[in-house]
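Analysis of the macromolecular model
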Amino acid sequence: MKFRLKITLCMIWLLSLSFGIGGSLMIGSSFSSALSQEKAAAEDSYRFLIRTIEMVNSISTLPNTSDIAGILKEMDSMGMTNFDALRLLSGDELAYTTGNTKLSSDTKNTGISIEGTADGKHYYKLSSVIGTESTPLTFIAFYDISDVFAMRSAQYKAYALIFASTIAVGAALSYVISKWLTTPLDKLTTATKKLAEGELSYRADIKTHDEIGQLSESFDAMAQRLEENVAELHDAMRRQEEFMGSFAHEMKTPMTSIIGYADLMRTQTLSDEEQAAAVNYIFSEGKRLESLSLKLLDIIVLRKTELDLKQVSPAELIGKTADYLRPVYAKSDIGIECSCEQGECMLEPELVKSLLINLLDNARKAIGHAGLIRVSSSITPTGCVIRVRDNGPGIPQNAMAHLTEAFYRADKSRSRAQGGVGLGLSLCSDIASLHGGSIGFENCPEGGACVTVYLNGGAA
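Below is a short write-up of the structure.

Let's talk about the overall build of the protein chain
Looking only at helices and strands, the protein chain has 9 helices and 12 strands in total. Burial statistics for the protein chain: of 460 residues in total, 35% are counted as buried. Here the contacts in the protein chain between residues at least 6 apart in sequence split such that 64% fall between residues at least 24 apart. Surface summary for the protein chain: the accessible area is close to 26,600 Å², and the carbon and sulfur share equals 57%.

Right, dumping it as structure tokens:
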């Protein structure tokens with residue numbers, strides 16, 4: 001059963017219960033009040049007749065039954081009794097009677113009671129014993145209250161009609177209101193079904209300022225987060241597939257060369273010069289595999305490492321690293337300039353040195369031959385900032401977002417020719433993250449690229 005039907009049935013039940021109890025109590029109260037009024041009138045008329053009989057009894061020393069019956073007949077003929085029937089009994093004998101002869105003349109009970117007849121009439125029966133000097137008499141009077149019962153019957157009929165009309169109108173209004181109230185729930189149900197079917201972009205988009213609106217906002221936020229997580233998961237799977245493909249490719253090329261040259265040396269007789277060239281090639285490809293494995297190991301270890309930070313001078317660390325690399329870079333006519341602010345901050349020196357070496361190596365590969373690399377640093381309240389600029393060709397815009405991905409290379413052919421495997425910047429990104437910082441890339445207006453590293457390990 002739908003929720004709106006449940007609401008409708010509950011509202012009909014409550015309406016029926018409240019209207020039924022209220023109407024019944026109102027009609028019952030009106031009926032009781034009318035009966036009380038009729039009872040008071042009947043008792044007044046009855047007492048008047050009794051007093052009249054008692055007066056006759058006090059005036060006449062020896063009144064007989066016929067005298068009292070005559071008085072009752074005379075008063076009845078004059079319309080002074082207000083009763084539909086009168087009975088005067090001497091013992092079990094009927095001394096006087098008038099009115100409806102079908103009414104009971106039972107003398108067993110005295111007092112006042114309600115008595116009905118077969119034709120649907122209702123009467124108040126008033127009965128008492130009159131004491132005389134001779135035989136005691138029983139005086140019975142019947143007061144018609146049929147109008148009160150007829151009024152109650154008419155009220156019940158009118159009430160039944162009003163009740164049925166009210167319930168019908170209430171049911172229709174209840175259904176309309178419940179449908180209006182549950183329409184947002186229908187939208188929310190549709191949204192959950194769409195989400196379950198895989199349509200992650202579907203939103204309930206319910207704009208109501210109540211609990212259902214709040215639920216819809218929470219649901220849409222959940223759906224948005226789920227869509228983002230699934231997108232991130234797909235992207236991670238794509239990058240993982242690319243990583244595995246790139247890793248296999250990087251492994252395949254040197255391994256093929258090593259196996260080929262080793263087989264050549266094993267199966268053929270080579271001159272000393274050819275043998276030296278083959279051994280050199282095997283050695284260089286082996287070193288390439290070693291570099292690849294070490295870089296991958298560094299990345300894996302870094303992501304599970306907790307740093308032991310030390311108080312270090314970035315200027316001193318950069319200066320020593322530049323001095324170490326200058327002779328090697330000078331062979332390609334590439335110079336290194338340092339401009340560093342003096343001061344200390346909290347760093348892990350070996351990791352920052354590895355970061356600098358990778359950034360400088362990247363800049364060297366971007367320049368190729370004859371150029372200049374500028375390294376600068378500044379102290380910040382949370383650590384330091386290191387910038388590495390080169391005067392190479394710059395970074396393609398479509399490569400900016402992918403530079404820190406493992407095995408990604410903006411210029412694949414040149415990087416491979418220079419021995420790169422696309423892991424350096426991924427390693428740098430992890431080192432910056434471990435220091436609570438980040439790495440950013442931009443092209444300089446004057447040409448070349450600039451890499452900015454924020455290291456937030458803390459002030460000294």
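Things to note about the side chain of Thr452
Relative to the assigned elements, Thr452 resides in strand β12 (residues 449–455). In contact with Thr452, not counting residues within four places along its chain, are Val385, Ile386, Arg387, Ser438, Ile439, Gly440 and Glu442.

Digging into the environment of Asp106
Its location among the elements puts Asp106 in the loop between β2 (93–99) and β3 (111–116). Through-space distance from the C-alpha of Asp106 to that of Ser127 is 9.4 Å; in sequence the pair is 21 residues apart.

Observations concerning the pairing of β3
With 6 bridges joining them, β3 and strand β4 (residues 122–130) adopt antiparallel strand pairing. Paired with Gly116 across the two strands is His122, which belongs to β4.

Quick look at unusual backbone geometry
Trans is the common state for peptide bonds, and a negative phi is the common state for residues other than glycine. For Asp205, which is not a glycine, the phi torsion comes out positive at approximately 50°. If you trace the backbone, Asp205 turns up in the loop between α3 (146–196) and α4 (211–267). According to the relative accessible area criterion, Asp205 is partly exposed, its value standing at 47%. For Asp333, which is not a glycine, the phi torsion comes out positive at approximately 60°.

Observations concerning the pattern of salt bridges
This model, assessed by the stated rule, comprises 12 salt bridges. For Asp263, the salt bridge is made with Arg266, and the minimal N-O distance between the two is 2.6 Å. Taken together, the positions of Asp263 and Arg266, both in helix α4 and 3 residues apart, correspond to about one turn of that helix. Residue class for Asp263 comes out partly exposed when judged on its relative accessible area of 33%. Sharing partners across several salt bridges, the network here consists of Asp361, Arg364 and Lys365.

Focus: the sheet that holds β2
Strand order in the open sheet made by the 5 strands is β2-β1-β5-β4-β3, with antiparallel pairing throughout. At either margin of the open sheet sits one strand with a lone partner, and together these are β2 and β3. Strand-to-strand twist across the sheet, computed as the mean angle between neighbouring axes with direction ignored, equals 20°. Where strand β1 (residues 85–90) meets strand β5 (residues 137–144), 6 bridges bridge the pair, whose relative direction is antiparallel. Its bridge partner being in β5, Ala85 is matched across the sheet by Phe142.

A word on the sheet that holds strand β11 (residues 438–443)
Remark on secondary structure: sheet strands pair via backbone hydrogen bonds, oriented parallel or antiparallel. What the 5 strands build is an open sheet, ordered β7-β9-β10-β12-β11; its pairing is mixed. The open sheet has two edge strands, β7 (334–340) and β11, and neither has a second partner. Here the strands of the sheet are splayed against their neighbours by 15° on average, with no regard to which way each runs. Relative to β12, strand β10 (residues 383–390) runs antiparallel, the two being bridged by 6 bridges. Opposite Ile386, over in β12, you have Val453 as the bridge partner.

A few points about the pairing of strand β9 (residues 371–380)
Here β7 runs beside β9; their pairing, made up of 7 bridges, is parallel. If you follow Ile336 over to β9, its bridge partner there is Ile373. Pairing between β9 and β10: 8 bridges, direction antiparallel. Across the sheet, Ser376 pairs through a bridge with Arg387, a residue of β10. Two successive antiparallel strands, β9 and β10, enclose a turn made up of 2 residues.

Concerning a nonpolar patch on the surface
A cluster of nonpolar side chains, contributed by Met11, Val169, Leu173, Ile177, Trp180 and Leu181, occupies part of the molecular surface with about 590 Å² of accessible area. Looking at the nonpolar patch element by element, the count peaks at 5 residues for α3. Secondary-structure assignment places Leu173 in helix α3.

Analysis parameters
- Residues numbered from 1 in each chain as written.
- Predicted model: local features only at pLDDT ≥ 70, side-chain atom pairs only at ≥ 80, totals over all residues.
- Heavy atoms only, no water.
- Helix = DSSP H or I, 4+ residues; strand = E, 2+ residues; numbered from the N terminus.
- Buried < 20%, exposed > 50% of the residue type's maximum accessible area, 1.4 Å probe, protein only.
- Contact = heavy atoms within 4.5 Å.
- Areas by Shrake-Rupley, 256 points an atom, 1.4 Å probe, with all protein chains shown as cover.
- Pairing = 2+ DSSP bridges.
- Salt bridge = Lys/Arg side-chain N within 4 Å of Asp/Glu carboxyl O.
- Axes fitted to C-alpha atoms, helices over the stretch in contact; angles between N-to-C directions.
- Patch = residues over 30% accessible without salt bridge, like charges linked within 9 Å, V, L, I, M, F, W, Y side chains within 5 Å.

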